[in-house]
Amino acid sequence: MIADTTLLKLAGQFGTPLFVYDGDMVQKRCRELHDFIPYQNLVIHYALKANYNVGLLKLLRDTGAGIDAVSPAEVELALRLGFTRDKIIYTANNMTDAEFEKVRITNVLMNIGSLSRLRKIAKNYPGMKVCLRFNPDVCDGDSIHTMTAGALTKFGILLDDLEEVKALVKEGDLHVVGLHEHTGSGLQHAESVYTAMGKLMEIATPENFPELEFLDFGGGFKVPYKPGEPRIDYVEMGSKIAELFKDFCKRYGKELIMRFEPGKYLVAESGVLLTEVNTLKRNRERLIAGCNSGFPQLIRPMLYGAYHIIDNLSNPDGARQLYDVCGNICETGDRFAEQRELPEIREYDILAIRNAGAYCYSMGGIYNLRSMPGEVVLSNDKVIYRRKRLSDEEMLDHIFKEEVEV
């Protein structure tokens, strides 16, 4: 992890709020998955939606990762950064016809998750090469909001619709080169992974899909967020995953590529949001520490009830007290933590909100017209990438540039 002294130095150098990322850790996590899963033809596709920081993307590209993209802009960003088309897969959710066409002409493989879209492809694009996303009916994840399978999800084609899928594939002479499934983010149970894999492999037969080149088992690898939370034994899990897939390939009759699409696992632990305390307030029994950042810049606690470790970098040995760590947004729910025991917080202390590398900046916005924080990426303790925070004037200039005469 980046030393606290380095974080304090960066806060002083670039100002706060500031996202800081450990690029070395991101590359380490990517390589780890290849060590954990002993299968030669394993391809890791980074879920770009977790964090689109260009500095991190370049490091992942150089480590050999591919991209899981969920919008045309994500596809275009990956292409501009030099990810080859064969290392990108486009898994859209309720895509429009215009979005479909925009990605189709790039020749990036599309992962189709609805019968509605599959019907259109069979009718209008005969002979097209596709991947198909199925709902494995295995529900797992760290929040009801991040579970992507089961009866209540909007994602994937039901396994019950297999025969209709096969009929549409035949009707459009489509080439199904891959099958995909995803159960959720922050998977809680290893058995969920094995069960979901089994359901996809059960339909992935030469009789159903004779042209398969790969199976894609999604992402969702869990990382610890709370103090003392144990790490998942991914060595044991990876060994089991490889064993299941090797057995499947023997049944299928050839060795297929195995794909996973981690996002959080690769980048979550690399990130820290640095924020400065500017207000201390005693509200009867509550002690409130007010910061110069807010939920639009790190929404997970407000949106999911997610837990992020918070450290007082400026006074780590202070007497511990209970605080509500609140943001600067005009919303009562704008809290990073509630009744959290922390070393004494003083005005102008710098707080580090940990595990802020995934679904933090990428889910951010400028609510209350407050600019998103700056970002820096470190590698070997040196800043290798920086994106500055817009001043109020620069943000407003950008808004006015978007005006269109009517």
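Just so it is clear, the structure is predicted and the values come from calculations on it, not from any experiment.

This next bit is on the pattern of salt bridges. If you walk through the whole model with that rule in mind, you get 21 salt bridges. Among the charged side chains, a salt-bridge network with shared partners connects Lys28, Arg29, Glu32, Arg231 and Glu269.

Structurally, the α-helix is built with 3.6 residues per turn, so residues lying three or four positions apart point the same way. All of the buried residues in helix H4 (residues 72–80) are Pro72, Glu74, Val75, Ala78 and Leu79. End-on, the buried residues of H4 take up no more than an arc of 160°, which puts them together on one face. Every exposed residue of H4 that faces more than 90 degrees away from the buried side is listed here: Ala73 and Arg80. On its buried face, H4 sits against strand S3 (66–69), strand S4 (88–90) and helix H5 (97–104). Of the residues flanking the end of H4, it is Gly82, one or two places downstream, whose phi is positive at about 95°.

Burial analysis of strand S8 (residues 175–180) places five of its six residues in the buried class, the great majority of the element. Strand direction decides the pairing type here: strand S6 (residues 129–135) and S8, joined by five bridges, are parallel. Looking at S8, one finds that Lys129 is bridged to His175. As paired strands, S8 and strand S9 (residues 214–216) are joined by three bridges and run parallel to one another. Looking at S9, one finds that His180 is bridged to Asp216.

Glancing now at the packing of aromatic side chains. One pass over the structure, following the stated rule, counts 16 aromatic pairs. Three or more aromatic residues joined by ring pairs make a cluster, and in this case those are Phe36, Tyr39, Phe217, Phe221, Tyr234, Phe245, Phe248, Tyr252, Phe260 and Tyr265. Above the ring of Tyr194, the side-chain terminus of Lys240 is found at 6.0 Å from the ring centroid. The ring of Tyr307 carries the charged tip of Arg340 above its face, separated from the ring centre by 3.9 Å.

Turning to the pairing of strand S12 (residues 286–291), a few remarks are in order. Burial of S12 is extensive: five of the six residues sit out of reach of the surface. In this sheet, strand S14 (residues 320–326) lies alongside S12 in parallel orientation, the contact comprising three bridges. When the bridges of S14 are listed, Ala289 appears paired with Val325.

Attention shifts here to the confidence of the model for the protein. In the predicted model, the protein carries a mean pLDDT of 93, and the fraction of residues at 70 or more is 94%. Segment residues 145–150: pLDDT under 50, and 27 contacts once partners within four positions in sequence are set aside and those in other chains are kept.

Glancing now at a nonpolar patch on the surface. On the surface, a nonpolar cluster with roughly 420 Å² of combined accessible area is contributed by Ile366, Leu369, Leu396, Ile399 and Phe400. With respect to the secondary-structure elements, Ile366 resides in the loop between strand S16 (350–353) and strand S17 (374–379).

Moving on, we get to the side chain of His182. Following the sequence through the fold, His182 ends up in the loop between S8 and helix H8 (190–203). Separated by 3.3 Å, the side chain of His182 and the backbone nitrogen of Gly219 make a polar contact.

Each pair of packed helices can be summarised by the angle the axes make with each other and by the distance between the axes. Contact pair helix H2 (residues 23–36) / helix H3 (residues 54–62): the axes reach a minimum separation of 10 Å and the direction vectors enclose 35°. The element H2 and its partner H3 pack so that their crossing is right-handed. Of the residues in H3, those in contact with Gly23, Val26, Gln27 and Cys30 of H2 are Leu56, Leu59 and Leu60. Its residues assigned to classes, the contact of H2 with H3 comprises five nonpolar, two polar and no charged.

Further remarks concern the environment of Asn111. Relative to the elements of secondary structure, Asn111 occurs in strand S5 (residues 109–112). Between the alpha carbons of Asn111 and Val70 there is a distance of 9.6 Å; along the sequence they are 41 residues apart. Not counting the four nearest positions on each side in its chain, Asn111 is found in contact with Ile89, Tyr90, Thr91, Ala92, Cys131, Leu132, Arg133 and His180. A polar contact is formed between the side chain of Asn111 and the backbone nitrogen of Arg133, at a distance of 3.3 Å.

What follows concerns the packing of helix H6 (residues 115–124) against helix H7 (residues 162–171). Here H6 crosses H7 at 20°, and the two axes come no closer than 8 Å. In terms of orientation, H6 and H7 fall into the roughly parallel class. Crossing angle aside, the handedness with which H6 passes H7 is left-handed. Along its contact with H6, which presents Leu115, Leu118, Arg119 and Ala122, the element H7 presents Glu164, Val165, Leu168 and Glu171.

Conventions and cut-offs
- Throughout, a residue's number is its position along its own chain's written sequence, starting from 1.
- In view of the model being predicted, local features appear only for residues whose pLDDT reaches at least 70, and side-chain atom pairs are presented and counted only at 80 or more, with totals across whole chains, interfaces and linings using the full set of residues.
- Neither water nor hydrogens contribute to the side-chain values; these are computed over all heavy atoms in the structure.
- Criterion for a salt bridge: a side-chain nitrogen of Lys or Arg within 4 Å of a carboxyl oxygen of Asp or Glu.
- Here the term buried applies to any residue with accessible area under 20% of the maximum for its type, exposed to any over 50%, and partly exposed to those in between, with areas from a 1.4 Å probe on protein chains only.
- Numbering goes from the N terminus for both helices and strands, where a helix is a DSSP run of H or I of at least four residues and a strand is a run of E of at least two.
- Taking the helix axis as origin, the arc is that swept by the directions to the C-beta atoms.
- Note on contacts: a residue pair is in contact if any heavy atoms of the two residues lie within 4.5 Å.
- Two strands make a pair as long as DSSP finds a minimum of two bridges between them.
- Two rings from Phe, Tyr or Trp (for Trp, the six-membered ring) form a pair when their centres are within 6.5 Å of each other. A pair whose planes differ by under 30 degrees is stacked, one over 60 is edge-to-face, and the rest are tilted.
- For a Lys NZ or an Arg CZ to count as sitting over a ring, it must be within 6 Å of the ring centre and within 35 degrees of the ring normal.
- Every residue carries a pLDDT, the predictor's confidence in it, which falls somewhere between 0 and 100.
- Patches here: salt-bridge-free residues with over 30% relative accessible area, like charges joined within 9 Å, nonpolar side chains (Val, Leu, Ile, Met, Phe, Trp, Tyr) joined within 5 Å.
- Using a 1.4 Å probe, accessible areas were evaluated by the Shrake-Rupley method; residue-level cover was limited to the displayed protein chains.
- Pairs of N or O atoms are called polar contacts if they sit within 3.5 Å, as long as, within protein, a hydrogen donor faces a hydrogen acceptor (for residues adjacent in sequence, only side-chain-to-side-chain pairs).
- For helices, the fitted line uses only the C-alpha atoms of the stretch in contact; every axis is such a line through C-alpha atoms, and the angle between N-to-C directions lies from 0 to 180 degrees.
- In a left-handed crossing the near helix is turned counterclockwise from the far helix by less than a right angle, and in a right-handed crossing that turn is clockwise.
- Charged residues are taken to be Asp, Glu, Lys and Arg, nonpolar residues to be Ala, Val, Leu, Ile, Met, Phe, Trp, Tyr, Cys and Pro, and polar residues to be all remaining types, Gly included.
- Each angle gets one of four labels, with under 35 degrees taken as roughly parallel, over 145 as roughly antiparallel, 65 to 115 as roughly perpendicular, and the rest as oblique.

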